[in-house]
Amino acid sequence: MNSFSVIKTITKRELSGYFASPVAYVFIVIFLLLAGFFTFMAGGFFERNEASLLSFFLWHPWLYLFLVPSVGMRLWSEERRSGTMELLLTMPITPWQAIVGKFVASWMFLALALALTFPVWITVSYLGSPDHGVVLTSYLGSLLLAGAYLAISCMTSAMTRNQVVSFILSVVMSLFLILAGWPPVTRLLDQISDNPRLVETVAAFSVMTHFEGFQKGTIDLRDIVFFAAIIGFSLFTTSIIIRSHRAG
Amino acid sequence: MIKVQNLTKSFGPKLAVNGVSFTVERGEVLGFLGPNGAGKSTTMRMITGFIPPSSGSVSVGGHDIVESAIPAKQLIGYLPENAPSYNDMTVHGFLTFTAEIRGLQGMELKKAVHRVVEMCFLEGVLHQSIETLSKGFRHRTCFAQSIIHNPEVLILDEPTDGLDPNQKHEVRTLIRRMGETKAIIFSTHILEEVESVCSRAIIIDRGQVVANGTPSELKMRSELAGAITFKVQGVSAQILKEKASNVQGVRKVLIVKDDPIGSIVRIYPNSKSAAEVLAGALGNMALQEKWGVEELHIEEGRLDEVFRTITLPETVQEGRK
C-alpha cells in the first residue's frame, strides 16, 4: 500500500474519532462562541467603524493558545496510555505515516472549526465592503498559525501519557511563541537593551510577527516558511520522541 | 518463518532479554512460558518490531524486522498484551480500519471483516462502541484484528487472558487449527494450555531461555516423570512398599496413601527409560501375589512441576535481593 493511502486511512480514523465523541461538537461550539465574543465584545468590532475582520483575526493567537492544545493533547498520549500505539506501530506502516496522518486529521478538524466562522465574514460583507483578499490571506494565516500550535501540541503529547501535562507543556511553548513578538514584551526588551538587533531576533521567533503580514493582506514567503518550519521541526521531534520511547 | 538470533534488550542497566534464540516454522505453535517479568512480552515486542533490539536479530519470512520492517510486518498478525483497541470506534469500524491499513479493499475487505467476525463470534456487538463492551468481547475484537489479513505469522501475547472457560476453549481450538498452516507464538501462564495447544514450548526466565522442547519432552524433565503409580486392594501400603522395593531396577518407593480399600505407592525406577520394563515386572509380581490391582500406570510428569523447578529458585533469589 502506498504512503498516501496509509496516511489517508489514519487521517480518516482519527477524524472519525473526533466526531464519535461529543468532544468535537463541544470544541466547535466553544470556539465559535469565544471567537464571537472576542470579535464583537472585546475586539470592538462596531466601534472600529470599518468593514474589516481585523478585530476577529487579532485574537486568534490568544484563542488558539488554549483551544489548539486541547485538540492536540490526546493525539499521542492517548495512544500511549491505552496501548494502541503498540498496535498502530506494529502495522505495516512507518511512524512518519502515523505522525503525518494524525496531524493532518487534527488540522483538518481545526480548519473545519475555522471555516464555520464564515458568518462573521458574511456579516462584514453585509454591513460594508471589506477587502476580500485580505480576509482570505487572514484565514490562510490563521490556519497556518493553528497548524504551528498543533504541531507543538503533537510533540508535547508524544512526550507523556498524561493529557494534562501535555496540554500545559503545549500552552507554555505556544505562549513563548506569542510573547516573543507581543508589543509589551518587545517594548520591554527595547528598554533594557540598546541593541536593536536583539529585539528583532527575538521577535523573529514569534508567531505574532509572522501572523501580522497575513492580516494586512500580504503573503510573504518568509512567513509561510516560518510556520512550515515550526510544523516540520515539531513533527520531526515527535518522531524522535516516539522512537526513543520504543528504544527504551 | 520466524528466526530469532541472540536477541538482547536492555532498559538502562536492566537486562530484560538476554541472548534469546529460537526458530518457529510453519505448522508450529510455540508456547512461551515464564514467570511475570521474565521478558516474554519484551521478546514479542521485538519480534513484532514495536521496540528495536539492543542487539541480535529477528527475521520473519526472510525479512529482517529492523532493516525491512514493512514487508516483515505485513506477514505478522499481533495481539498485544491487554488487547488494546480504539475505544471510541465501533467493532466494525475498528476492524475495517485495521483491514484498510493492511491494504485490503472493496469486496476483499468486506469478506475479511465478515470472516473474522464469524470466527471470533462478534456478530452481536458489531455496531457497538468498543468502550461499552465487556472484557471478553474487547479481547476478541483485538484478536480478530490480528487475523484479519490471514497472516502467515501470528504473535499472541496472552490470548486467553480474561476470557471465560468457554471462550478460552474456543480460542485454543482456533489457535490449534490455525497452527496447522501458520507459524504461531503465544505466551501464557496457563500450563494446560501449553499441553493442549502447543507443538513446542519455551520456558523463559530472567530474560533467558531455560528450556525448549515439546510439551512431553519438557514433562520428562519432571521429577515425577517415569514414576509408576501402583494401587492395590486389600494390602497395606507398608507391605506393598517392601515387596516393590525388592523388584529389580527400583530406586525408591514412596507411600502415597495407606488404606485397606486401596493402598497407593509411587515407585521410582533407576532410570526414566526403564519405567516400562519395571511396570511389567510389577504387574507380574501382582499376579504371583494374587493382588487385586486397581491401577498401574507410568506418570507422564507434570509441566507445572517442571516450570517451578526451573524458574522458582531464581525468582526466590530475586525476591531476597
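The residue count restarts for each chain, going from 1 along the sequence in the order it is written. Here the convention is simple: chains get letters from A, ligands get numbers from 1, in the order in which they are written. In keeping with the predicted nature of the model, local features appear solely for residues at pLDDT of at least 70, side-chain atom pairs appear and are counted solely at 80 or more, and the whole-chain, interface and lining totals rest on all residues. Note that the side-chain values use all heavy atoms of the structure and ignore hydrogens as well as water.

A few words now on the overall build of chain B. Counting from the N terminus, the helices are the DSSP runs of H or I reaching at least four residues and the strands are the DSSP runs of E reaching at least two. Looking only at helices and strands, chain B features 11 helices and 14 strands. Considered along the principal axes of its C-alpha atoms, chain B spans approximately 75 × 45 × 35 Å. For each residue, the accessible area found with a 1.4 Å probe, counting protein chains only, is set against the maximum for its type, and the residue is called buried under 20%, exposed over 50%, and partly exposed in between. A burial count over chain B gives 51% of its 321 residues as buried. Residues count as neighbours in contact if any of their non-hydrogen atoms are within 4.5 Å of one another. At a minimum sequence separation of 6, the contacts of chain B that also span at least 24 residues come to 67%.

By the element assignment, K73(B) lies in helix α2 (residues 69-75). Counting rule applied: Lys, Arg positive; Asp, Glu negative; His and chain ends not counted. Salt bridge, as used here: a side-chain nitrogen of Lys or Arg that lies within 4 Å of a carboxyl oxygen of Asp or Glu. Although K73(B) lies buried, it forms no salt bridge, and the closest oppositely charged side chain, D64(B), sits 11 Å away as judged by the N-O distance. Polar contacts involving the side chain of K73(B) include one to the main-chain carbonyl oxygen of L89(A), which spans 2.8 Å. K73(B) has contacts with L89(A), T90(A), M91(A), P92(A), I93(A), R246(A), T48(B), G49(B), I65(B) and R102(B), leaving out every residue within four places of it along the chain. Counted as a polar contact is a pair of N or O atoms within 3.5 Å, where, for protein atoms, one must be capable of donating a hydrogen and the other of accepting one, and residues adjacent in sequence contribute only when both atoms are in side chains.

Residues and elements named next belong to chain A. Interaxial angles span 0 to 180 degrees and are taken between N-to-C directions of axes, which are lines fitted to C-alpha atoms, for helices over the stretch in contact. It is at 9 Å that the axes of helix α12 (residues 183-192) and helix α13 (residues 196-204) come closest, and there the two elements cross at 155 degrees. Here α12 lies roughly antiparallel to α13, going by the angle between them. Between α12 and α13 the crossing geometry is right-handed. On α13, the residues that touch T186, L189 and D190 of α12 are L198, V199, V202 and A203. In this classification, the charged set is Asp, Glu, Lys and Arg, the nonpolar set is Ala, Val, Leu, Ile, Met, Phe, Trp, Tyr, Cys and Pro, and all remaining amino acids, among them Gly, are polar. Taken together, the residues of the contact of α12 with α13 break down into five nonpolar, one polar and one charged. In these notes the angle categories are as follows: under 35 degrees is roughly parallel, over 145 is roughly antiparallel, 65 to 115 is roughly perpendicular, and the rest is oblique. It is the rotation of the near helix from the far one that decides the hand of a crossing: anticlockwise by less than a right angle makes it left-handed, clockwise makes it right-handed.

What follows concerns the sheet that holds strand β1 (residues 2-11) of chain B. Residue and element names in this part refer to chain B. DSSP calls a pair of strands paired once it identifies at least 2 bridges connecting them. Pairing in this open sheet of four strands is antiparallel, and the strands run β2-β1-β4-β5 from one edge to the other. Both outer strands of the open sheet, β2 (14-24) and β5 (63-64), are each paired with one neighbouring strand and no more. The pairing of strand β4 (residues 55-60) with β5 spans two bridges and is antiparallel. The residue of β5 that forms the bridge with V60 is H63. Along the sheet, helix α1 (residues 40-47) makes contact with β1, β2 and β4, crossing β1 at roughly 120 degrees.

Turning our attention to the side chain of T117(A). With respect to the element layout, T117(A) can be found in the loop between α8 (95-115) and α9 (118-127). Discounting residues that sit within four places of it in the chain, T117(A) has contacts with F31(A), L32(A), F56(A) and Y139(A).

On to the domain arrangement of chain B, then. Just so you know, the domain bounds were taken from an automatic or database domain assignment. Segmenting chain B into domains produces domain 1 (2-220) and domain 2 (228-298). Centre-to-centre separation of domain 1 of chain B and domain 2 of chain B, based on C-alpha positions: 45 Å.

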